[in-house]
Amino acid sequence: MSRDVTRLPTAGALGPADPGAGGPRERLRALARTADRDGSPSHLTVRGAGGTGKTHLLEDLAAAARRAGTQVATPASRVPTPRGRCLLVVDDAHRLDEPTADRVRQALEDPGTSVVVAFRPWPRPPALAGLLEALGGEMVLLGPVDRETVRDWAVDHLGDSVPPALVDVVSEQTAGLPGLVQPLLRSLAGRPRRGGTGLLSPGQPPRLAVPEDVVDLVRAGLAGLDDGTRALLHAVSAGAPLDDDVLAPVLGLDESSVGDLVAAARATGLLVSSGSVVPLVQAVLLRTTPPDVSRRTRRRLLGVLIDRGEDPLPLARSLAAEGVRDPRAADLLERHGDAALGSDPALAAELLREATSSGASITATAARRAQAAVLTGDLDQALCLADAALLDAGTPDRPRAAAVTAAVLVQRGLVGRAADLYRLAGTERAGSAALALLAIGAPREAADVLATAPRTRYGGGTTALAAAEELMAQGVQQSLCPGAAAGTGTAAGGRAGDPADSGAGAAAALSTLTRAAALLEPMGRAALLPDTPAALAALVALHRGEPSVGESVLQRAVAADVGGLPHRPRHLALLAWSAMLAGRLDRARELAAAARASVEVVEPRDEVFLQGLDVGIARRASDAPALVRAWEPALEAVVRHPVDLFTLLPLGELVVAAARLEASERVRPHLAEAQALLARLGDPQLWATSLHWSGAQAAILTDDPATLRPHAAALVAAARTSRYAATLARAGRTWLAVLAGDVDVDTVVTAGERLCDVGLAWDGSRLAGHAAARTADPRERAALLACARALCDTAAADAEPAGRSAATPAPGGAGTGALSDREREVARLVVEGQTYREIGGRLYISAKTVEHHVSRMRQRLGAGTRSDLLARLRAELAEGA
């Protein structure tokens with residue numbers, strides 16, 4: 001027999017306090033058809049899982065019928081003699097026996113009786129099937145309610161100000177089951193705070209503390225289930241999918257019986273259509289089931305899922321969290337931990353630790369756990385774990401443990417010991433061993449180690465990491481070649497008359513290190529390194545007078561997080577160093593602070609640079625108290641991390657600061673150590689030039705010709721093949737002339753501009769400023785002061801975009817920012833058609849300084865061509881007129 005079906009997705013568990021809620025129009029139409037006095041009897045069937053509100057709907061219909069004068073009866077009561085209309089209400093019809101079903105079918109023959117039958121979708125006994133066939137009429141389908149209905153009910157109980165987050169949590173926890181939504185809201189309404197305020201715990205996502213009376217209600221409902229249904233719900237709550245071939249062995253049943261059990265669970269309303277248990281019910285079920293029962297269920301489930309080829313990682317992790325030792329869980333966690341080492345070291349650390357909790361060998365996993373620890377910045381834990389592996393001669397993972405320990409020792413200043421450990425790590429780490437040997441001044445040993453590195457048919461390392469490590473060592477080797485300090489020649493933007501660039505070694509070094517950096521970028525934070533190629537490339541670039549090259553490579557390394565947490569402060573500190581040399585002191589402070597904040601504990605290698613930055617920034621800011629405060633910590637940092645090839649820059653800064661503080665004796669041993677290191681490496685010009693420049697500055701400050709002489713001679717000798725050294729030598733001679741009172745404006749301006757070209761804008765500005773203070777000619781003083789200001793402005797304009805990492809971009813962009821007063825003066829003359837030389841003559845600055853101003857204005861205004869620039873300059877000048 002056919003019947004009409006009405007779905008009432010918003011019908012719910014309605015009590016006397018909930019009149020009219022839950023689809024009132026549909027319900028009233030059904031009631032009208034049932035209790036219509038003038039028409040033939042109407043029959044109604046209501047189908048829905050447990051908790052969807054069938055019983056409350058029947059109670060509402062019965063109450064409406066009584067108000068209309070209709071008698072109400074149930075199968076358990078005696079059906080009245082039809083002296084009017086009668087409504088027969090049959091609840092839980094899925095439990096009817098055959099005799100009761102017969103009595104209901106007989107009532108269908110009474111023309112004055114209407115029948116309402118409510119039942120669950122399962123089971124469907126023959127008595128119910130026959131009754132439904134005879135009943136006909138309309139069927140109402142009840143189910144979970146949607147979020148809008150939950151919100152309406154929440155407003156009824158808690159007021160109009162109910163937070164949307166509370167509605168979301170209630171909907172999610174109850175899965176919209178009316179039999180849970182209504183009791184939960186009623187219980188929440190009884191709490192002291194109204195309107196939903198304060199009912200959620202802070203955090204993301206917000207959490208709701210379920211009232212105990214609601215927990216008791218759920219517990220009682222679970223207790224009323226048969227053992228099989230409860231066991232199935234428990235298995236699904238533990239993570240089992242609704243697959244017969246999984247549930248059967250987990251529950252100890254035949255597969256043929258699982259289908260009925262699933263249907264029974266769905267009929268309770270506690271198993272939702274997605275195949276999961278209602279979250280609130282799941283939490284109570286897992287909490288109330290004895291722990292040993294839950295553990296056995298999860299272990300059986302784990303074995304079944306693994307046997308059919310799955311990797312139930314969340315299940316294995318939950319077992320590990322409870323300390324359950326299971327070899328299959330341990331193996332699964334270990335395998336996933338190994339895989340995560342290459343992409344997510346933090347996750348790898350958690351998984352490998354959980355593997356040991358599940359029974360994996362502590363010694364066998366120690367080296368991998370150490371690697372994960374060092375990549376996440378926990379160097380102390382890494383050393384402890386690696387030592388455990390190194391002490392066990394039978395551990396097959398000892399090479400990995402040796403590499404981990406070596407990487408930590410490099411950051412803590414024990415570079416020589418790190419070289420030995422890298423050798424123990426095997427030929428695959430030959431590049432890192434050679435790099436450590438070069439850092440301490442052992443070039444021959446480094447070459448011998450590199451010769452042992454395994455090669456592919458193409459000549460590179462057998463893995464990307466091994467190849468990158470070899471490239472790093474080769475790049476540093478190339479930087480040690482004679483003439484490697486040479487800067488960019490005239491063809492690439494150098495000045496006419498500059499020394500010829502015979503620095504093929506330095507160019508090759510930068511190229512090699514940049515290639516190594518690009519090779520490691522895809523590995524990101526998973527690369528276990530003693531140092532990063534980006535940091536080494538930046539050091540070569542700074543020692544060569546090409547800071548923009550180093551900044552570019554560093555920014556890419558920061559964006560890719562190459563080397564992970566251990567190398568973040570190094571990259572940021574080197575960016576800060578470049579900014580400090582250019583005179584961008586605020587930016588240098590910002591980057592130094594970011595470097596310190598990036599790790600919980602700053603390691604000695606990074607501390608040397610950061611303390612050197614504190615000293616250098618204070619000196620350049622002429623902040624004598626800050627310089628005094630920074631001095632002692634900086635000396636302590638040098639003691640904790642002995643000088644090596646890659647820490648010469650902060651040592652040079654301390655040498656100059658010591659001269660200012662009349663404390664040169666305290667750095668002399670460290671300077672002698674550095675000079676001996678350079679001598680063992682063959683006095684490479686690239687690495688020695690900056691240190692000689694610092695020594696020359698210190699000697700000038702202390703008026704010590706004897707100390708100045710060897711540094712000046714070294715700079716002059718290097719100047720024959722190095723533009724950077726030639727620039728510093730020229731600046732040194734100019735400084736001496738200025739201090740002697742011999743101020744030549746053109747010479748000073750040229751020397752200052754060339755210092756700016758090699759990244760030393762602050763030094764160039766300072767030179768021009770000191771010269772201005774020592775000349776009596778007002779025109780010369782004005783020209784020199786203008787040069788000093790221009791060099792500072794040029795450094796800020798040319799280098800600021802490069803100095804910012806992807807994580808800390810510069811505010812604004814091209815086309816923003818008004819022109820400075822000096823730029824307006826230059827702009828006015830440019831618009832008039834004057835040449836750079838003519839403008840320089842009018843403003844007492846050099847033509848090169850004018851060129852820097854124009855370049856800066858072009859960048860600020862976003863001009864692409866000269867005609868575009870002129871048009872924008874005219875608009876700016878007109879706007880400011």
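Chains are numbered independently. Their residues run from 1 in the order of the written sequence. Only residues with pLDDT of at least 70 are given local features in this predicted model, and only at 80 or more are side-chain atom pairs given and counted; all residues enter the totals for whole chains, interfaces and linings. Working from all heavy atoms in the structure, the side-chain values ignore hydrogens and water.

K.L.:
Hey, could you run me through helix H40 (residues 836–843) in this one?
P.N.:
One turn of the α-helix equals 3.6 residues, which is why residues spaced by three or four share an orientation. Among all positions in H40, only Ile-839, Gly-840 and Leu-843 are buried. For H40, the buried positions fall inside an angular range of 100° around the axis, keeping them on one side. Only protein chains enter the accessibility calculation, which uses a 1.4 Å probe; a residue is then buried when its area is under 20% of its type maximum, exposed when over 50%, and partly exposed in between. What counts as a helix is a DSSP run of H or I of at least four residues, what counts as a strand is a run of E of at least two, and both are numbered from the N terminus. The arc in question is traced by the directions running from the helix axis to the C-beta atoms.

K.L.:
Mind showing me how you'd approach the packing of aromatic side chains here?
P.N.:
Pairs of aromatic rings are described using the distance from one ring centre to the other and the angle between the two planes. The aromatic pairing rule takes the rings of Phe, Tyr and Trp, using the six-membered ring of Trp, and pairs them if the centres are within 6.5 Å, calling planes under 30 degrees apart stacked, those over 60 edge-to-face and the rest tilted. The full count for this structure, using the stated rule, is 2 aromatic pairs. Consider the rings of Trp-577 and Phe-609, whose centres lie 5.7 Å apart with planes at 75°: the pair is edge-to-face. A residue pair is termed long-range when its members are at least 10 positions apart, and Trp-577 in helix H27 (residues 568–581) and Phe-609 in helix H29 (residues 604–620) qualify at 32 residues. The exposure classification of Trp-577 matches that of Phe-609, with both residues buried. We call a charge positioned above a ring when the Lys NZ or Arg CZ atom is no farther than 6 Å from the ring centre and deviates by at most 35 degrees from the ring normal. Its guanidinium or amino end placed over the ring of Trp-762, Arg-620 lies 5.2 Å from that ring's centre, counting from NZ or CZ.

K.L.:
It is not clear to me how empty space enclosed by the protein should be interpreted in this structure. Could you clarify?
P.N.:
Regions of empty space are outlined by a rolling probe, equal in size to a water molecule, passed over the atoms. Put simply, the grid is 1 Å and covers the protein atoms alone, a cavity is a trapped set of points that fit a 1.4 Å probe, a pocket is an open set with protein on both sides within 12 Å along at least five of seven lines, and lining residues have an atom within 4 Å of a point. Grid points are joined across faces, edges and corners, and a volume is the space filled by probe spheres set on the points. According to the stated counting rule, one finds 8 cavities of 30 Å³ or more in the structure shown. Reported here for the largest cavity is a volume of approximately 180 Å³. If you trace the largest cavity, you find 19 residues lining it, with Leu-581, Leu-649, Ser-690, Trp-693 and Ser-694 closest to the centre. Broken down by secondary-structure element, the contributors of at least two residues to the lining of the largest cavity are helix H25 (533–544), H27, H29, helix H31 (648–660) and helix H33 (685–702). For this classification, the nonpolar set comprises Ala, Val, Leu, Ile, Met, Phe, Trp, Tyr, Cys and Pro, the charged set comprises Asp, Glu, Lys and Arg, and every other residue, Gly included, is treated as polar. Each residue belonging to the lining of the largest cavity can be placed in one class, and the counts come to 10 nonpolar, 5 polar and 4 charged. Size it by volume and the second largest cavity reaches roughly 100 Å³. The element contributing the most residues to the lining of the second largest cavity is helix H21 (residues 430–439), with 3 residues. Looking at the lining of the second largest cavity residue by residue, the classes come out as 7 nonpolar, no polar and 4 charged.

K.L.:
Looking at this model, I keep getting lost on the environment of Arg-317. Mind explaining?
P.N.:
Residue position: Arg-317 is located in helix H14 (residues 313–321). Separated by 15 residues in sequence, Arg-317 and Leu-332 place their C-alpha atoms 9.4 Å apart. A polar contact of 2.9 Å, which involves the side chain of Arg-317, links it to the side chain of Glu-350. Pairs of N or O atoms are called polar contacts if they sit within 3.5 Å, as long as, within protein, a hydrogen donor faces a hydrogen acceptor (for residues adjacent in sequence, only side-chain-to-side-chain pairs). Here the side chain of Arg-317 touches Glu-354 through a polar contact of 2.8 Å, side chain to side chain.

K.L.:
Got a minute to help me understand the layout of surface pockets in this structure?
P.N.:
Taken as a whole, the largest pocket holds about 870 Å³ of empty space. Contributing to the lining of the largest pocket are 34 residues, with Gly-50, Gly-51, Arg-120, Gly-221 and Thr-268 lying nearest its centre.

K.L.:
Teacher, can you tell me more about the confidence of the model for the chain here?
P.N.:
In low-pLDDT regions, the fine details of the predicted coordinates are not to be read closely. pLDDT: the predictor's confidence for each residue, scored from 0 to 100. Scored by pLDDT, the chain comes out at a mean of 84, with 87% of its residues at no less than 70. Looking at the elements of the chain, mean pLDDT is at its lowest for strand E1 (residues 4–8), recorded as 44, and at its highest for helix H15 (residues 327–340), recorded as 96. Contacts are residue-level and defined by heavy atoms, with any inter-residue pair within 4.5 Å sufficient. This model gives residues 27–32 a pLDDT under 50, and the stretch forms 11 contacts once residues within four places in sequence are excluded. Within the model, the stretch residues 488–502 combines pLDDT values under 50 with 31 contacts to residues more than four positions away or in other chains.

K.L.:
Sorry if this is basic, but what is going on with the pattern of salt bridges here?
P.N.:
Think of it this way: side chains of opposite charge can pair up when their charged atoms draw near. A pair is scored as a salt bridge if a Lys or Arg side-chain nitrogen falls within 4 Å of a carboxyl oxygen belonging to Asp or Glu. Summed over the entire model, instances satisfying the criterion amount to 42 salt bridges. Residue Arg-147 pairs with Glu-148 through a salt bridge whose shortest N-O separation is 3.8 Å. For Arg-147, a relative accessible area of 32% corresponds to the partly exposed category. Given a relative accessible area of 43%, Glu-148 falls into the partly exposed group. A salt bridge links Glu-665 to Arg-668; the shortest N-O distance between them is 2.1 Å. Pair noted here: Glu-665 and Arg-668 are both in helix H32 (residues 664–680), with a separation of 3 residues, about one helical turn. For Glu-665, a relative accessible area of 57% translates into the label exposed. Sharing partners across several salt bridges, the network here consists of Arg-147, Glu-148, Arg-151, Asp-152 and Asp-168.

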